[in-house]
Structure formats: C-alpha cells, structure tokens
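Structure assessment
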Amino acid sequence: QVQLVESGGGLVQPGGSLRLSCAASGFTLDDYAIGWFRQAPGKEREGVSCISSSDGSTYYADSVKGRFTISRDNAKNTVYLQMNSLKPEDTAVYYCAAAAIATMHPGPYDYWGQGTQVTVSS
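Conventions we followed
- Residues numbered from 1 in each chain as written.
- Predicted model: local features only at pLDDT ≥ 70, side-chain atom pairs only at ≥ 80, totals over all residues.
- Heavy atoms only, no water.
- Pairing = 2+ DSSP bridges.
- Helix = DSSP H or I, 4+ residues; strand = E, 2+ residues; numbered from the N terminus.
- Axes fitted to C-alpha atoms, helices over the stretch in contact; angles between N-to-C directions.
- Disulfide = S-S within 2.5 Å.
- Buried < 20%, exposed > 50% of the residue type's maximum accessible area, 1.4 Å probe, protein only.
- Polar contact = N/O pair within 3.5 Å; in protein donor to acceptor, adjacent residues only side chain to side chain.
- Contact = heavy atoms within 4.5 Å.
- Phe/Tyr/Trp six-rings, centres within 6.5 Å; stacked < 30°, edge-to-face > 60°.
- Salt bridge = Lys/Arg side-chain N within 4 Å of Asp/Glu carboxyl O.

Quick look at the sheet that holds strand β1 (residues 3-7)
Think of a sheet as strands paired side by side through backbone hydrogen bonds, with each pair either parallel or antiparallel. As summarised here, the arrangement of the four strands in space is β1-β3-β8-β7, forming an open sheet in which the pairing is antiparallel. Unpaired on one side and paired on the other, β1 and β7 (68-73) mark the two borders of the sheet. Here the average twist between neighbouring strands, direction ignored, is 15°.

Observations regarding the state of the cysteines
For the structure shown, the criterion picks out one disulfide. With a sulfur-sulfur separation of 2.0 Å, C22 is cross-linked through a disulfide to C96. Looking down the S-S bond of the C22 and C96 bridge, the torsion is 70°, so its handedness is right-handed. One end of the pair, C22, is in strand β3 (residues 18-25); the other, C96, is in strand β9 (residues 92-99), and 74 residues separate them in sequence. The thiol of C50 is unpaired, and the distance to the nearest cysteine sulfur, on C96, comes to 13 Å.

Comments concerning the side chain of R38
With respect to the helices, strands and loops of the structure, R38 is situated in strand β4 (residues 33-39). Residue R38 is classed as buried on the basis of its relative accessible area of 6%. Only 2.6 Å separates the side chain of R38 from the side chain of E46, close enough to count as a polar contact. At 2.9 Å, the side chain of R38 forms a polar contact with the side chain of Y94. If we ignore the near neighbours within four places in the chain, the residues touching R38 are E44, R45, E46, V48, S63, V64, F68, E89, D90, A92, V93 and Y94.

Concerning the packing of aromatic side chains
Following the criterion strictly, the structure yields six aromatic pairs and no others. Relative to Y32, the ring of F27 lies with its centre 5.1 Å away and its plane at 80°, an arrangement referred to as edge-to-face. Here F27 matches Y32 in class, with each residue buried. Taking 5.1 Å as the distance between ring centres and 50° as the angle between the ring planes, the aromatic pair formed by F37 and W112 counts as tilted. On the criterion of sequence distance, the pair formed by F37 in strand β4 and W112 in strand β10 (residues 111-112) is long-range, its members being 75 residues apart.

Side note on the pattern of salt bridges
Between side chains of opposite charge, a pair can form when the charged atoms approach closely. Evaluated as defined, the whole model comprises four salt bridges. The partner of R38 in a salt bridge is D90, and the shortest N-O contact between them spans 2.9 Å. In this pair, R38 sits in strand β4 while D90 sits in the loop between β8 (78-83) and β9, placing the two residues 52 residues apart along the sequence. Since its relative accessible area comes to 1%, D90 is described here as buried. Between R67 and D90 there is a salt bridge, and its shortest N-O distance comes to 2.8 Å. In this pair, R67 is assigned in the loop between β6 (58-60) and β7 and D90 in the loop between β8 and β9, connecting sequence segments 23 residues apart. Each of the two residues, R67 as well as D90, counts as buried.

Following this line, the structure appears as structure tokens:
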C-alpha cells in the first residue's frame, strides 16, 4: 500500500527551528518528485518547497527562501524539511506529497500524507 507519513511538527517559539520528515512506504521515493505544502485556517494550500527525482534540484516559495531547506535521503526513503528562523506566519498544517514531476502546484501530486501541525507562537 502506498503511504506517506509526516512527522516532526509541534509548538516552537519565533526564531526557533523544526525538522519535518516525510517517510514513504509501498513505493520507491526516489522515483518521484516530493513536495511540501502547507495550509493555514482560512487560507489556500500553498507550495512551500519541492525536490526533483531526476537531478535533485530544489525549489522554494519566496516566503521561505533562506530559512527552509529540503533534502532527500534515498537510503531511508525519506524527505526532510529543515525549518529555521520560524515566524508566526509559518503556522499551518504541513503536508508532503509525491508527483511524477517537480512542481509547486498541488494538482499533479498523486500521493499525500496526513499532515503535521506546526505552530509558531510565544
């Protein structure tokens, strides 16, 4: 069974850091592009970052450039999102997803995790 499971969310103070994990089972993760998306209450789902399967190229939303880093560990079948210098506006449910091609739009993504809550507050 194809499955993606996010973990690592929680409550953190502004300026703090979290590392999110996206673990895949039932398929080989390195055959897919992996994206991270987030959705805050009352707002549309937005692309945060993605990493390609072909050459490992990475892409970031302007709002997180310089603060977030996406990486892939093929041996562990896991993708990570390192989040530094967190701001209250980063508060959202974060989802990972798998697609045939790297894109910041959610439409092409076939497989989605259940989400993990990130709350940035003092």
